[in-house]
Structures are given as C-alpha cells and as structure tokens.
Amino acid sequence: MTQILSTLAESPTCPRDGNGIPRVFTEARGAFLTDVSGKSWIDFDNARGSVLLGHGDPDVAEAVARAARGEAGTATGWSPLLDEVTARLLALCGGEVVGLFRTGTSAVRAAVLAVRETVGRPLVLSAGYHGYDPMWSPAPGLLEPNADGVVDFFFDLGLLEELLRDRDRVAAVVVSPDHIHLSARWYGRLRELLAGADVPLIVDEVKVGFRYGAGLSTAGLLDPDVWVVAKGMANGWPTAAVGGSRALLRPLREVSFTSFFEPTVLAAAGRTLARVATGEPQKTVREAGDRFVEHARTALAAASLPVEVAGDGAFFQFVPAGRDVGKALWRAAAEEGLLFYKGDNQTVSAAFGPKALAEAEERFGRVCARLAPYASDAVVTEEARYAAAWNVLDGLREADRDRAGTTTWIGRLLDD
Ligand SMILES: Cc1ncc(COP(=O)(O)O)c(C=O)c1O
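Sequence positions are assigned chain by chain, starting from 1 and proceeding in written order. Per-residue local features of the predicted model are confined to residues with pLDDT of at least 70, and side-chain atom pairs are confined, for both listing and counting, to 80 or more; whole-chain, interface and lining totals are unaffected and use all residues. Working from all heavy atoms in the structure, the side-chain values ignore hydrogens and water.

1. Quick word on the site of the ligand
We call a residue near a molecule or strand whenever a single non-hydrogen atom of that residue lies within 4 Å of it. If you check the shell around the ligand, you find T103, G104, T105, Y129, H130, G131, S176, D204, V206, K207 and K231 and nothing else. A distance of 2.4 Å separates an oxygen atom of the ligand from a polar atom in the side chain of T105. Under the rule applied, a polar contact is a pair of N or O atoms within 3.5 Å (in protein, one hydrogen donor and one hydrogen acceptor; residues adjacent in sequence only if both atoms are side-chain atoms). Separating a nitrogen atom of the ligand from a backbone N or O atom of Y129 is a distance of 3.4 Å. Note on areas: Shrake-Rupley with a 1.4 Å probe; residue coverage comes only from the protein chains shown. In isolation the ligand has 390 Å² of accessible area, and contact with the protein removes 77% of it. When residues are grouped by polarity, Ala, Val, Leu, Ile, Met, Phe, Trp, Tyr, Cys and Pro land in nonpolar, Asp, Glu, Lys and Arg in charged, and all others, Gly among them, in polar. Partitioned by chemical class, the residues of the shell around the ligand number two nonpolar, six polar and three charged.

Written out as structure tokens, the structure reads:
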C-alpha cells in the first residue's frame, strides 16, 4: 500500500477505503471485480461510467486482441478502423466533421478553444464539470470570468440570461448535460435562451453520450453546434471525440498526436459503437438499473432509512439526509462488496444479468440491515438535495428560486 502512495505523484479518482487508500483490484469480469484479498465486488462505478458493456466484454476483447496482433491496421498510419469509427460517430451524433482525442478533458478543451477562435469573442459561458484542466478553475466572483475567460453559470438559467445580455462578448456556451437533476423543461428553456442569442452551443456529453440511447442524450432536447462524447464509446478504452460544424471546428483540422492511429483503441471503439448503435446495451442497462433502483428504494423505505435515490437506471445517486448516515452507507456497502462511486452517480453495465442483479439486491438488503442504527423519521432536506446534486453537476439542481436564493446556494455550496 505504501508503494501505491509513493508511486503516484497525484491523487487520481478511484475507489478508496475509509482511510483514503486506493483499493487494489486484480480481476474484472462482467459486473464483478476481485480485489487483491480475493474479495468479490459488484461494480456500480464502472470506471466512472465508462464501462458500459461490462468488464472484459468478450466481443471487444477479441477485437482488441486482433488489433494488438497487427491484424487490424497499425499505429503508423491510416486504417479502415479509423474510417469505421468516424463514420459511426457522425451517423450516431450528427455533424459534418469529427476529431478523435485520448481523454474527455482534452476533447472538451480542444472543442471550446476551437469555437472561441472561430467566433472571435473572448468569453465562454460554462455549466458543469469538463475535466481536470486549469482552464476550468474557479473565477474570483460570481458572473466573473476566470483567467481563461470562462464564466460559470452553475446550471442556473437566470444567471445565463444575465450573462447573455453581454452576448457580443460571448463565443460559446458549454454545458455538461445531466438527467438526474435537470428535466426536459430545463433543456427547453436553455434552447429558448440560446435561440434568441446567436451563440453556439457545445454539449459536453463525455459522461452521458450513448448511455441513454444510440447517440447524444440530449437528441431532441437541444440542437448543439458541437458535441463531445467519450465514456460511452469504447467501453473504458482511452478515446474521446469532438464533432459538429465544420466551420466552427476549423481550427482543429490538423489535430493529431503520435498514438492517433493506435489500433487497439480504435478496435475497442469500433466494436463498442457497433453495439451501442443497436440501442440494446442501453436497454439492458436501463432495465437492470431500474430494477436495482426500485429494489433499493423499497429496501431503504422498509428499513426507515433517510436516504433517497435520485435518477433512474441509466444513472442514479443516493441522497442521504445527513453526513452520518451517508458515511455509514458507504461503509456498509463496502463491507457487503457493493462498489459504489462515493457521493457521485452510480451506474450499472450491460453485464448486469439476472445473477449479478439478484446478488446485488441481496447485498443491498444486508447493507440496509447494517444501517439499522440510523433508522429514523428524518426527511431528506432541500439542503441535502442541493449538496448531492452539486457533487454530480458541479452546479445547482433545477428548482424554482429567485436571484437572491441562487446567490445564497452557490455561496454555501462553494464553501462546503
Ligand atoms: C462531463 C464531463 N466532461 C469531461 C470529463 C473529463 O473526461 P476525462 O476524465 O476522460 O478526461 C468528464 C469526466 O468525468 C465528464 O464527466
């Protein structure tokens, strides 16, 4: 364990024990992981939602193995796989051009900088997480730009409306869609605001793209000029894509990097995209996830535990009434071998078949039994709901509030 801490210079996001020590896994198969002690876990983290088909998916593994043996192109140059991947992305997400990157962070950054260069205005209005990059660091004050000209509106459409009054200085709006805490009504209102403003929209669908269906999760809700996808496109392999308007993305036309043509990544993307194009994995995920969520809600209520479950089977989140019951929930889940993404969104994969689901439900029943000391008639407050949403969104949940309320909530949540 000491070795892990001294080997890594940074502190990457990964499952950790109660002392913050990374958990070490030695095997991953379908919905199940095995840790170094031999303990079995059911994975609701799935590499922060990027393993959509399940761990070690045989179809993807076979395609990757072929590519690794040199039977599907080469890192040296162009291959049929590259054409397949880009064609699939355009067919599924729309747009005129598409570019590939290695991480969601680099793809969103490239998309935003390209659009800003083309439009030639200084500000980018942003809502949501877009990756660990200094470009997204906090601004000195509400509605003020940070050093990179990024102004956060925290998903508050009143704030966005204020910022758009100065639209001659705005190059683009970039939003990371969420479907746990934002409804179709929110997207409708965003669309209206943008229609009147003549400002391009970039949707950062790194997390949600392909998880809700065979394309962008906001298809039919928004009409983006540029999109970014990543997690749903290669079952955990390192790739991301930017697509959309040729004119807006023109500054990216020479983008490349040494591993651009690397065939195992393209093979993983090609196979995963072929599968997600059918909509079948997403259907399985939704059904399995919905069943688990239903079970969890019933079990929590039967045990009088003050924990809500927000969202649906595609992405859901536990919303505990207070810190104590929240901490106890993570501890009990770990003891029972349920690997949750602490405080954040939970995801099942398409490998959650009947056996994994039954096992997960049984384990969750035991989690509730362990939480018996926390049974109470306490209710989940607005405060707890805002805090949970902030963890997932890096912004405010959709709710009716006035400008003073918005300022107060942002101040409180930033301080927390
Ligand atoms: C909405 C969104 N954008 C960007 C990123 C960054 O992607 P990556 O971690 O692949 O760099 C993430 C990662 O979770 C994300 O959820």
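2. Comments concerning the environment of V319
Here a helix means four or more residues in a row that DSSP labels H or I, a strand means two or more in a row labelled E, and each is numbered from the N terminus. Tracing the sequence through the fold places V319 in strand β12 (residues 315-320). On the accessibility criterion, V319 (2% relative accessible area) is buried. Separated by 147 residues in the primary sequence, V319 and A172 have C-alpha atoms spaced 33 Å apart. In this scheme, a residue with accessible area under 20% of its type's maximum is buried, one over 50% is exposed, and one in between is partly exposed, where area comes from a 1.4 Å probe on protein chains only.

3. Some thoughts on the packing of helix α12 (residues 382-393) against helix α13 (residues 403-415)
Convention adopted: a line fitted to C-alpha atoms gives each axis, helices being fitted over their contacting stretch, and angles between N-to-C directions are expressed from 0 to 180 degrees. Contact geometry for α12 and α13: axes closest at 11 Å, N-to-C directions at 65 degrees. Crossing of α12 against α13: the hand is right-handed. Judged by residue contacts, E382, E383, Y386, A387 and W390 of α12 engage W409, R412, L413 and L414 from α13. Of the residues belonging to the contact of α12 with α13, the class tally is six nonpolar, no polar and three charged. A crossing counts as left-handed when the near helix is turned anticlockwise from the far one by less than a right angle, and as right-handed when that turn is clockwise. Contacts are assigned to residue pairs with any non-hydrogen atoms lying within 4.5 Å of each other.

4. Some details on the pattern of salt bridges
Every case where a carboxyl oxygen of Asp or Glu lies within 4 Å of a side-chain nitrogen of Lys or Arg is listed as a salt bridge. Summed over all chains, the structure comprises 29 salt bridges. As a salt-bridge pair, R286 and D312 come within 3.4 Å of each other at their nearest N and O atoms. One end of the pair, R286, is in helix α9 (residues 280-302); the other, D312, is in strand β11 (residues 307-312), with 26 residues separating them in the sequence. On the basis of relative accessibility, which here comes to 35%, the residue R286 falls in the partly exposed class. Ionic pairing is found between R385 and E308, a salt bridge with its closest N-O pair at 2.8 Å. Here R385, found in helix α12, pairs with E308, found in strand β11; they are 77 residues apart in sequence, far enough to count as distant. Look at E308 and you get partly exposed, because its relative accessible area is 29%. Where salt bridges share partners, they join E335, E336, E362, R366 and R370 into one cluster.

5. Quick look at the sheet that holds strand β2 (residues 32-35)
Within a sheet, adjacent strands bond to each other through the backbone by hydrogen bonds, running parallel or antiparallel. Should DSSP find at least two bridges between two strands, the strands are taken to pair. Reading across from one edge, β1-β2-β3-β13 is the order of the four strands in this open sheet, with mixed pairing throughout. The sheet is open, and its two edges are formed by β1 (25-29) and β13 (338-339), each paired on a single side. Where β1 lies against β2, four bridges are found, and the strand directions are antiparallel. By the bridge assignment, E27 is partnered in β2 with T34.

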